[in-house]
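Below are the chains, spelled out letter by letter.
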Amino acid sequence: PAPEEFRRLTRRGGARVANTPEEPAPDKPMPQVSNSSWDHVAGWYDQLLKHGRSDHHRDVIMPGTLRLLELKSGQRILDLACGQGILTRKLAESGAEAVGVDASEKLIDAARRWAKAAARPARFEVGDARAIEAEKFGEFDGVACVMAMMNIDPILPLMRGVAGVLKQGGRF
């Protein structure tokens, strides 16, 4: 059965979806991001992608994401919820100034290990994708959030952060 939240948002029985996502109440703190949500599978996930054992990721997700970003050498690209940084590294290899952010310390550790051996290193930071600010990261020509938005709650802070770091005409 669909979760209650889904039924509420779709007004059960109809296809109408709420126009605006809910914001956390001002007196209620934003839920804490779990920095261990992926830590328990970080090693497995790292090896899966490192050795190309996910044909869907390799043949569909990566080429599609790179095409949508319309990457040009020298652009700054932010990879939110970057995992072990496979997209971030590909962006750096393509000539972008790439920054990856993820809440999992173990996945960021894996990303940094890979980055040390790269000819064009990328920057990796542990952080909450819902708390991205231009003051800390600067502005970007593009932002990617691959296969992760469905795990981010609430989503509105992420969208505000993306809007705040994108340059005029930037792509998300």
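Residue indices follow the written sequence of each chain, beginning from 1 at its first position. Reporting of local features is limited, given that this is a predicted model, to residues whose pLDDT is at least 70; pairs of side-chain atoms are given and counted only at 80 or more, and all residues count toward the totals for whole chains, interfaces and linings. For side-chain calculations, the full set of non-hydrogen atoms in the structure is used, while hydrogens and water are omitted.

### A word on the overall build of the protein
The condition is simple: Counting from the N terminus, the helices are the DSSP runs of H or I reaching at least four residues and the strands are the DSSP runs of E reaching at least two. Each residue's exposure class comes from its accessible area (1.4 Å probe, protein chains only) as a fraction of the maximum for that residue type: buried when under 20%, exposed when over 50%, partly exposed otherwise. Two residues form a contact once any of their heavy atoms are found within 4.5 Å. Every accessible area reported is derived by Shrake-Rupley at a probe size of 1.4 Å, with residue values counting cover from the shown protein chains alone.
When its secondary structure is counted, the protein shows seven helices and five strands. Listing the helices and strands of the protein from first to last along the sequence gives α-α-α-β-α-β-α-β-α-β-α-β. Taken over 172 residues, the protein has a buried fraction of 40%. Within the protein, residue pairs in contact and separated by at least 24 positions form 61% of the contacts whose partners lie at least 6 positions apart. Counting every atom, the protein has about 10300 Å² of accessible surface; 53% of that belongs to carbon and sulfur.

### Concerning the sheet that holds strand β4 (residues 140-144)
Filter applied, for reference: Paired strands, in this sense, are two strands between which DSSP finds at least two bridges. Under this scheme, a helix contributes an axis fitted over its contacting stretch, all axes are lines through C-alpha atoms, and angles between N-to-C directions fall in the 0 to 180 degree range.
Pairing is parallel in the open sheet, where five strands are placed in the order β3-β2-β1-β4-β5. Every interior strand has two partners, whereas the edge strands, β3 (123-126) and β5 (166-171), have only one. Across this sheet, the average inter-strand angle for adjacent strands is 25 degrees, counted without regard to direction. Of the pairings in the sheet, the one linking strand β1 (residues 76-80) to strand β2 (residues 97-102) comprises five bridges and is parallel in character. When the bridges of β2 are listed, Asp79 appears paired with Gly100. Its contacts with the sheet put helix α4 (residues 86-93) on β1, β2, β3 and β4, and the angle it makes with β2 is roughly 170 degrees.

### Quick notes on the environment of Ile86
Turning to its location among the elements, Ile86 is positioned in helix α4. For the pair Ile86 and Met62, spaced 24 residues apart in the sequence, the C-alpha separation amounts to 8.9 Å.

### Some thoughts on the confidence of the model for the protein
The criterion, for reference: The pLDDT value tells you how sure the predictor is about a given residue, anywhere from 0 up to 100.
Per-residue confidence for the protein gives a mean pLDDT of 80, with 69% of residues at or over 70. The element-level mean pLDDT for the protein is lowest in helix α1 (residues 4-10), coming to 61, with β1 highest at 97. Low confidence marks residues 12-21, where pLDDT is under 50. Its contacts with residues over four positions away, or in another chain, come to nine contacts.

### Looking at the packing of helix α3 (residues 55-69) against α4
Cut-off, in case you're wondering: Angles below 35 degrees are treated as roughly parallel, those above 145 as roughly antiparallel, those between 65 and 115 as roughly perpendicular, and all remaining angles as oblique. Each crossing gets its hand from how the near helix is turned against the far one by less than a right angle, where anticlockwise is left-handed and clockwise is right-handed. All residues other than Ala, Val, Leu, Ile, Met, Phe, Trp, Tyr, Cys, Pro, Asp, Glu, Lys and Arg, Gly among them, are scored as polar; the first ten of these are nonpolar and the last four charged.
For the pair α3 and α4, the least separation of the axes is 11 Å and the interaxial angle reads 50 degrees. On the basis of the axis angle, α3 is oblique to α4. Of the two elements, α3 crosses α4, and the hand of that crossing is right-handed. Residues His57, Met62, Thr65, Leu66 and Leu69 of α3 pack against Ile86, Leu87, Lys90 and Leu91 of α4. By residue class, the composition of the contact of α3 with α4 is six nonpolar, two polar and one charged.

### Considerations on helix α7 (residues 156-165)
Since one α-helical turn is 3.6 residues long, residues separated by three or four positions face the same way. Regarding α7, the residues found buried are Leu156, Pro157, Leu158, Gly161, Val162 and Val165. Against the buried residues of α7 lie β1, α6 (134-137), β4 and β5.

### Topic: the packing of aromatic side chains
As a reminder of what qualifies: Ring pairs are drawn from Phe, Tyr and Trp, using the six-membered ring of Trp, whenever the two centres fall within 6.5 Å, and their geometry is named by plane angle: stacked under 30 degrees, edge-to-face over 60, tilted for the rest. Only lysine NZ and arginine CZ atoms are considered, and such an atom sits over a ring when it is within 6 Å of the ring centre and within 35 degrees of the ring normal.
Going through the model one piece at a time under the given rule, you end up with zero aromatic pairs. It is Arg76 that lies over the ring of Phe140; its NZ or CZ is 4.2 Å from the centre.

### What to know about the pattern of salt bridges
The following threshold applies: Here, a salt bridge means any side-chain nitrogen of Lys or Arg that lies within 4 Å of a carboxyl oxygen of Asp or Glu.
One pass over the full model with this rule turns up four salt bridges. Across the pair Arg123 and Glu125 runs a salt bridge whose closest N-O atoms are separated by 3.1 Å. Overall, Glu125 belongs to the partly exposed group, its relative accessible area being 22%. Notably, a salt bridge pairs Asp128 with Arg130, separated by 2.8 Å at the nearest N-O pair.

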